[in-house]
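Structure assessment
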Amino acid sequence: MATRKCKDCGNQVSTHAKQCPHCGAPVKRNSGCGFIVALVLGIIIVSSIMSDKTSPSSTPSPTTLAQPTKPKHDTVSAYTMCQKFVKDQLKAPRTAKWPWVHTDDVTTHLGGGKYRIESYVDSQNAFGALIRTKFTCVVQHAGEDKWRLESLEFHE
């Protein structure tokens, strides 16, 4: 017969007892069933998710595989990278305020992953005055998450 210590008096008590026969303290029974049930349910859920991902119905068809992949560049990425290149040239880059525009309004795709952005930035100059600087930036997507600055011109 399995026993354990009573938490109050320290005497040995049967694991099936509801209270200690020596001191009368209630004995908490740890059957472990709740943990086992939760573990089994978790395994079932995970295995069903994994089987859905590997089932034949979820594998791409040959026509899906033949379609060209979308390039990893777009007007939003080009505009964001141009902002980085412009910020690198500012006297106070932390003060940069960009216009709230739709990127397609200021960005032109020149083909082959090259983009021209014509916009402006408001930032502080060396004296702390807020000035607006117009610019034209040409960036080239160089693969993965890399971009190259082709040209950057500031206009008065």
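For every chain, the first residue of the written sequence is number 1, and numbering continues from 1 along that sequence. The predicted origin of the model limits local features to residues at a pLDDT of at least 70 and limits the giving and counting of side-chain atom pairs to 80 or more, whereas totals for whole chains, interfaces and linings rest on all residues. Only hydrogens and water are removed before side-chain values are computed, so all heavy atoms of the structure are retained for them.

The biggest cluster of nonpolar side chains holds 16 residues, and the ones touching the most others in it are Cys82, Ile117, Phe135 and Val139. The helix and strand labels rest on DSSP assignments: H or I over at least four residues marks a helix, E over at least two residues marks a strand, and numbering proceeds from the N terminus. Taken together, the elements giving at least two residues each to this core come down to helix H3 (75–87), strand S4 (114–124) and strand S5 (130–141). Ranked by residue count, the leading element in this core is H3, at six residues. We call two residues in contact whenever any of their non-hydrogen atoms come within 4.5 Å of each other. With residues near it in sequence (within four places) discarded, Cys82 still touches Ile117, Phe135, Cys137 and Val139. Counting six residues, the second largest nonpolar core, distinct from the first, contains Cys6, Val13, Ala25 and Val27. The criterion is simple. A nonpolar core is a set of buried Ala, Val, Leu, Ile, Met, Phe, Trp, Tyr and Cys residues joined through side-chain atoms within 4.5 Å. Think of it in three bands: with a 1.4 Å probe and only protein chains considered, a residue is buried below 20% of the maximum accessible area for its type, exposed above 50%, and partly exposed in between.

A pair of strands is labelled paired if DSSP reports no fewer than 2 bridges between them. Bridge count between S5 and strand S6 (residues 147–155): eight bridges; the pairing is antiparallel. Bridge pairing links His141 to Trp147 in S6. Linkage of S5 to S6, two consecutive antiparallel strands, is achieved through a turn of five residues, within which Gly143 is found at a positive phi near 95 degrees.

A separate point is the packing of aromatic side chains. Ring pairs shown here join Phe, Tyr and Trp side chains whose ring centres sit within 6.5 Å, with only the six-membered ring taken for Trp; geometry is labelled stacked below 30 degrees between planes, edge-to-face above 60, and tilted in between. Evaluation of the coordinates by the stated rule reveals two aromatic pairs. Their ring planes at 85 degrees and their centres at 6.2 Å tell us that Trp98 and Phe135 sit as a pair that is edge-to-face. Of this pair, Trp98 sits in the loop between H3 and helix H4 (103–106) while Phe135 sits in strand S5; the two residues are 37 residues apart in sequence, bridging distant segments of the chain. For Phe135, a relative accessible area of 1% gives the class buried. Considering the side-chain rings of Tyr115 and Trp147, the 6.0 Å spacing of their centres and the 50 degrees angle between planes classify their relative orientation as tilted. Of the two residues, Tyr115 is situated in strand S4 and Trp147 in strand S6; the sequence distance between them amounts to 32 residues.

A few words now on H3. Here the expected span of a helix is defined as 1.5 Å times the quantity of residues minus one. For H3, spanning 13 residues, the distance from its first C-alpha to its last is 18 Å, which sits close to the expected 18 Å at 1.5 Å a residue. What H3 keeps buried is the set Thr75, Ala78, Tyr79, Met81, Cys82, Gln83, Phe85 and Val86.

Moving on, we get to the environment of Asp104. If you trace the backbone, Asp104 turns up in helix H4. Distance in space between the C-alpha atoms of Asp104 and Tyr79 is 9.2 Å, their sequence separation being 25 residues. In protein, a polar contact means a hydrogen-donor-capable atom and an acceptor-capable atom, both N or O and within 3.5 Å, with residues adjacent in sequence counting only if both atoms are side-chain atoms; elsewhere, any N or O pair within 3.5 Å suffices. Within the local environment of Asp104, its side chain forms a polar contact with the side chain of Thr75, the two groups lying 2.9 Å apart.

Any functional reading would require information that these geometric values do not contain.
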